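Each chain, written out:
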Amino acid sequence: MPPIVLPSGRLLALLALAAPLFLLGDGIALAADALILAAAAADAALAPGRRRLRITRRTPRRLPLGGVAEIEIEATNLARRAARLRATDDLPAGLAREGPDILAWQVPPGGRAAVTYRVRADARGDMTLGDVHVRAAGPLGLAWRSFRAPLADTLHVLPGVLEVRRNRLLGLRRQLALAGVRVVRRRSERGEFESLREYARGDDPRTIDWKATARRGAPMVRRYQAERSQNVLLAIDAGRLMTERIAGRERIDHALSAALLLADVAAAHGDRVGFLAFADRVEQYRAPARTPIAQLAEAFGRIRARLVESNYPAAFATLAQRLRRRSLVVLFSDVIDARASAALIAHLSRAAGRHLPLAVALRNPELDAAAAAGADAEPGVFRRIAAEELLQARAAALAGMRRAGVLIADVRPDEAIHQVVNRYLEVKREGLL
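On a predicted model such as this, the values are computed, not experimentally measured, just so you know. (Residues numbered from 1 in each chain as written. Predicted model: local features only at pLDDT ≥ 70, side-chain atom pairs only at ≥ 80, totals over all residues. Heavy atoms only, no water.)

Peer 1: An account of the sheet that holds strand S2 (residues 53-58) is needed here, citing residue identities and associated values.
Peer 2: Pairing between sheet strands relies on hydrogen bonds along the backbone, with the strands arranged either parallel or antiparallel. Ordered by their spatial adjacency, 4 strands build an open sheet running S2-S4-S8-S6, and the pairing between neighbours is antiparallel. Of all the strands in the sheet, just S2 and strand S6 (95-98) have a single pairing partner and so form its edges. Across the sheet, the axes of successive neighbouring strands diverge by a mean angle of 30°, strand direction being ignored. (Pairing = 2+ DSSP bridges. Helix = DSSP H or I, 4+ residues; strand = E, 2+ residues; numbered from the N terminus. Axes fitted to C-alpha atoms, helices over the stretch in contact; angles between N-to-C directions.)

And the structure:
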């Protein structure tokens, strides 16, 4: 593709100055314009083009969802005179440019120089940055020579990484409590014996060690450590319900962030973590293992929610075939009502016979707001009644799941991260698994 010559502001100013020459005669004015345009063409010809400018771009390989990265565009100038450049590049829809769209810089003769800008990741997955569009000014500054540098750089946007970084060092004790995660006292004798301590009000009497009490002359209780090396299976619904956008992100993005933090916390407790991703078919399955959190983040980044009905029978059939050991199965989804979610309720209830299911239902805050909003006009009244009916049907479906032995975490998306960790810690300390 031949280079494109674009006029500069200086050239347009010269043409404007030549306009009064029409008063002296058309021939003089046309000659002046032709002279100016010829000078601009010569100037553009002297501007460095694709053969004398080498354009490269550097991007990070990974970027957390919601994070900001720095992109660098570098030019190597093979010409004998300095190059004054402007450039921009093609960004995918999931990356938002922060700062000016057009970058400007100067490259010394026979040298190299770079310019940087920042992008913010607003969507998950593999983001491919496209061609770089460059304009090089001629030595007189009358015209720009434009060309395209064909480049393609892929940036992997991973969900939940920022949340894991923020919460990894919370210690699962004091700082988790400060972040809204409760640390609950153990009330069961299940698990590994840790130590003895004096009885305190509120301790379960069943934990009293009578032999130690007799030896020391004071009530002593056993302290237990939550059992390690258990299985946690994260089941990610990637069907139609998870495509709904809440607070600027799809529901599945909130689910994956919570799932990744839960995986990190479970690994810190010595548990094995696996996951199942499904929509109208099972798309990914990884058996519980001690998998590095970075590998899970990479796998989660490839999960896409699609506008299809979720195939719960296929998902739970896969669990029945591949997941033999009793496990904590954490399902990230939502329910509408008992009738629409009948398949989900039935399979979760059946799974409670072998595993410990925990359903994380991500509610829509806008629906809650519509049900609580005041209404004077008729449309507002109908909207509020419809929202209340949807919430009542949803509550009834969740109640049915609770009666079947399914643990429920009915949470707003912005609360999902800490609430899911809360429920996991309760399961560990209560010895429910």
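Peer 1: Explain the nonpolar core to me, using residue names and the numbers behind them.
Peer 2: Ranked by size, the top nonpolar core spans 47 residues in total, and within it Leu234, Val330, Phe332 and Val360 carry the most contacts. It is helix H6 (residues 251-268) that contributes the most residues to this core, 11 residues altogether. Contact partners of Val330, with chain neighbours within four places excluded, come to Val232, Leu233, Leu234, Ala235, Leu262, Leu358 and Val360. Grouped together as the second largest cluster of nonpolar side chains are 29 residues, Ala69, Ala75, Leu103 and Val157 included. (Core = buried A, V, L, I, M, F, W, Y, C linked by side-chain atoms within 4.5 Å. Buried < 20%, exposed > 50% of the residue type's maximum accessible area, 1.4 Å probe, protein only. Contact = heavy atoms within 4.5 Å.)

Peer 1: Give a description of the environment of Ile417 that names residues and reports values.
Peer 2: Within the secondary structure, Ile417 sits in helix H12 (residues 416-430). Ile417 has contacts with Glu163, Ser257, Ala258 and Leu261, leaving out every residue within four places of it along the chain.

Peer 1: Please give an account of the environment of Ala69 that cites residues and values.
Peer 2: Secondary-structure assignment places Ala69 in strand S4 (residues 68-77). Separated by 48 residues in sequence, Ala69 and Tyr117 place their C-alpha atoms 8.5 Å apart. The residues touching Ala69, leaving out its near neighbours within four places in the chain, are Pro60, Leu63, Tyr117, Arg118 and Val119.

Peer 1: For the sheet that holds strand S19 (residues 282-289), give the residues involved together with the corresponding values.
Peer 2: If you trace the 6 strands from one edge of the open sheet to the other, you get S19-S18-S15-S20-S21-S22, paired in mixed fashion. Each of the sheet's edge strands pairs with one partner strand only, and the pair in question is S19 and strand S22 (407-411). Taking the axes of each pair of neighbouring strands and ignoring which way they run, one obtains an average angle of 15° across the sheet.

Spatial relationships are all this shows, so hold off on functional conclusions.
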